[in-house]
Amino acid sequence: MEEWQRLLAEGVNNARQWCEEFPEQDALVAKRVDDVFQLRVNKYWMDLMKAKGYPEHLMKQVAPDERELDDQFGFDDPLSEEKMSPVPGLVHRYPDRVLFYVAHQCAFYCRYCTRKRKVSDPESISREQLRRAYEYIAAHKEVRDVVLSGGDPMMLKDDPLVDIVRNLRAIPHVEVIRIGTRIPSALPQRVTPELCARLKPYNPIWMMVHFDHPDELTPEAIASLNRLADAGFPLMNQTVLLKGVNDNVEALAKLFKGLLMARCRPYYLYQADITKGTNHFRTTVEKGLEIMKGLRGWISGIAIPHYVIDAPGGGGKIPMVPNYVERWADGKLVLRNFKGTVHEYPEVAEDPGDPVVMVRNGPYGNRGVTGCEGIDVD
Ligand SMILES: *Cc1c(COP(=O)(O)O)cnc(C)c1O
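Just so it is clear, the structure is predicted and the values come from calculations on it, not from any experiment.

Participant: Run through the layout of surface pockets, naming residues and quoting values.
Facilitator: Empty space within the largest pocket amounts to approximately 1100 Å³. Lining of the largest pocket is provided by 47 residues; of these, Thr114, Arg115, Ser149, Gln238 and Tyr270 occupy positions nearest its centre. It is strand E3 (residues 145-150) that contributes the most residues to the lining of the largest pocket, 4 residues altogether. Here the residues of the lining of the largest pocket sort into 26 nonpolar, 11 polar and 10 charged. Put simply, the second largest pocket is a space of about 600 Å³. Taken together, 25 residues form the lining of the second largest pocket, with Ser124, Ile125, Leu156, Lys157 and Pro160 sitting closest to its centre. Looking at the lining of the second largest pocket residue by residue, the class counts come to 12 nonpolar, 6 polar and 7 charged. When we break the lining of the second largest pocket down by domain, the ones giving at least three residues each are domain 1 (3-64) and domain 2 (82-319).

Participant: Quick rundown of the packing of helix H6 (residues 127-139) against helix H7 (residues 158-169)? Include the residues and the values.
Facilitator: Helix packing geometry: the angle between the two helix axes and the distance between the axes. It is the contact of H6 with H7, at a shortest axis distance of 10 Å, that shows an interaxial angle of 25°. What the angle tells us is that H6 and H7 run roughly parallel. Here the hand of the crossing between H6 and H7 comes out right-handed. Every residue of H7 that contacts H6 at Leu130, Tyr134 and Ile137 is listed here: Asp163, Ile164, Asn167 and Leu168.

Participant: Residues and numbers for the site of the ligand, please.
Facilitator: Taken together, the neighbourhood of the ligand is formed by Val91, Arg93, Tyr94, Arg97, Leu99, Arg178, Tyr267, Tyr268 and Lys317. One of the side-chain N or O atoms of Tyr268 is found 2.5 Å from an oxygen atom in the ligand. One of the side-chain N or O atoms of Lys317 is found 3.0 Å from an oxygen atom in the ligand. About the coverage of the ligand: the protein hides 90% of its 380 Å² of free accessible area. With respect to the pocket detection grid, the ligand is positioned in the largest pocket. Of all elements in the fold, only strand E1 (90-94), strand E2 (97-103) and strand E7 (264-270) reach the threshold of two or more residues within the shell around the ligand. Among the elements that take part in the shell around the ligand, E1 stands out by supplying 3 residues, more than any other. Taken together, the residues that form the shell around the ligand break down as 5 nonpolar, no polar and 4 charged.

Participant: Just give me the short version of the sheet that holds strand E5 (residues 205-210), but keep the residues and values in it.
Facilitator: Pairing is mixed in the open sheet, where 9 strands are placed in the order E1-E2-E3-E4-E5-E6-E7-E8-E9. Across the chains shown, the open sheet's two edge strands, defined by having one partner strand only, are E1 and strand E9 (316-319). Averaged over all pairs of adjacent strands, the angle between strand axes in this sheet comes to 30°, irrespective of strand direction. As judged from the 4 bridges shared by E3 and strand E4 (residues 176-181), these two strands associate in the parallel manner. Among the inter-strand pairings, Val147 is bridged to a residue of E4, identified as Arg178. Where H6 meets the sheet, it contacts E1, E2 and E3, and its direction lies at approximately 170° from that of E2.

Rules behind the numbers
- Residues numbered from 1 in each chain as written.
- Predicted model: local features only at pLDDT ≥ 70, side-chain atom pairs only at ≥ 80, totals over all residues.
- Heavy atoms only, no water.
- 1 Å grid on protein atoms, 1.4 Å probe; cavity = no way out; pocket = protein on both sides within 12 Å on 5 of 7 lines; lining within 4 Å.
- Points joined across faces, edges and corners; volume = space filled by probe spheres on them.
- Helix = DSSP H or I, 4+ residues; strand = E, 2+ residues; numbered from the N terminus.
- Nonpolar A, V, L, I, M, F, W, Y, C, P; charged D, E, K, R; others polar.
- Domains from an automatic or database assignment.
- Axes fitted to C-alpha atoms, helices over the stretch in contact; angles between N-to-C directions.
- Parallel < 35°, antiparallel > 145°, perpendicular 65-115°, else oblique.
- Left-handed = near helix turned anticlockwise from the far one by under 90°.
- Contact = heavy atoms within 4.5 Å.
- Near = heavy atom within 4 Å.
- Polar contact = N/O pair within 3.5 Å; in protein donor to acceptor, adjacent residues only side chain to side chain.
- Areas by Shrake-Rupley, 256 points an atom, 1.4 Å probe, with all protein chains shown as cover.
- Sits in = over half its atoms within 2 Å of the grid points.
- Pairing = 2+ DSSP bridges.

As structure tokens, then:
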């Protein structure tokens, strides 16, 4: 048995084991929560929580909570993935790319999981289901980007994971393969040198990792990111904005700067989906925009992800951007920068022959008000 498999086996895998670790936990709540969506925390993450003194921002991600049971607000399938699924396990929502669900299991179960409806199913995905997905992708020449997801694809053993990647690489129009995984933060020991070496020939494989809090950037996690980067996989991070976990500028700025040090680019910050039983994790969108304003300009641009709402009903990811435009009229934009100072940007004339626009927008017409020094209006 490999180390990562031992850490899984020695972790918490049900309500009884959770209550042994946390005797103050209401056993009935743990049992009922576990019945709806499995409790799992592997030994690596248990040790991490212990070492940090069981802080809320780590505990809340994995601990059973009564509020999971009485949320009448959310949906089982908030992104309408099943409706956009041409064959089981594939979601084809965007023109040139698909999401390919290849594993039910994860190294631990995030209580805010968006796919509670299918994740943690103990069954494995059949060869027949995988074969139909390859057939669909091969028949659809517009699909040039395949996102492996789940569950966690890296929970598969090396052979089946490499097999999937090899099958996709054999389809000539598949250009990019992505692996969406929480393994580097959840069970970094799984990123073995052998796995990296076996996947490397199938590059470009973009590793879409998932860190939610800077405390997850342990020496082991950073080492696993380094192994992936050294094998030539570009690293991108996805974070879910979660109330009581990371809904503040300090935590996210520290996380995003830390990721850069591990050669990992923050890619998406997700507004929490409206998944049944996760309502207590949701922040307001206003809060998210405020956090983005607290990041942009203040830390490296390469550390700043896109803040998106994955639209209910399957609308896809829609960027949420703080408003930096005060006014947009008379051939100019009045902009406010990250520090709050106001700057004007004259637009180019759409019709260069229009003398009025030339006067308003021409390079000499309004030199005095371009405001490069900034006008502080606060
Ligand atoms: C997120 C997602 C993708 C990938 O979207 P990008 O914006 O290209 O990262 C593809 N398909 C589905 C169904 C998704 O949810």
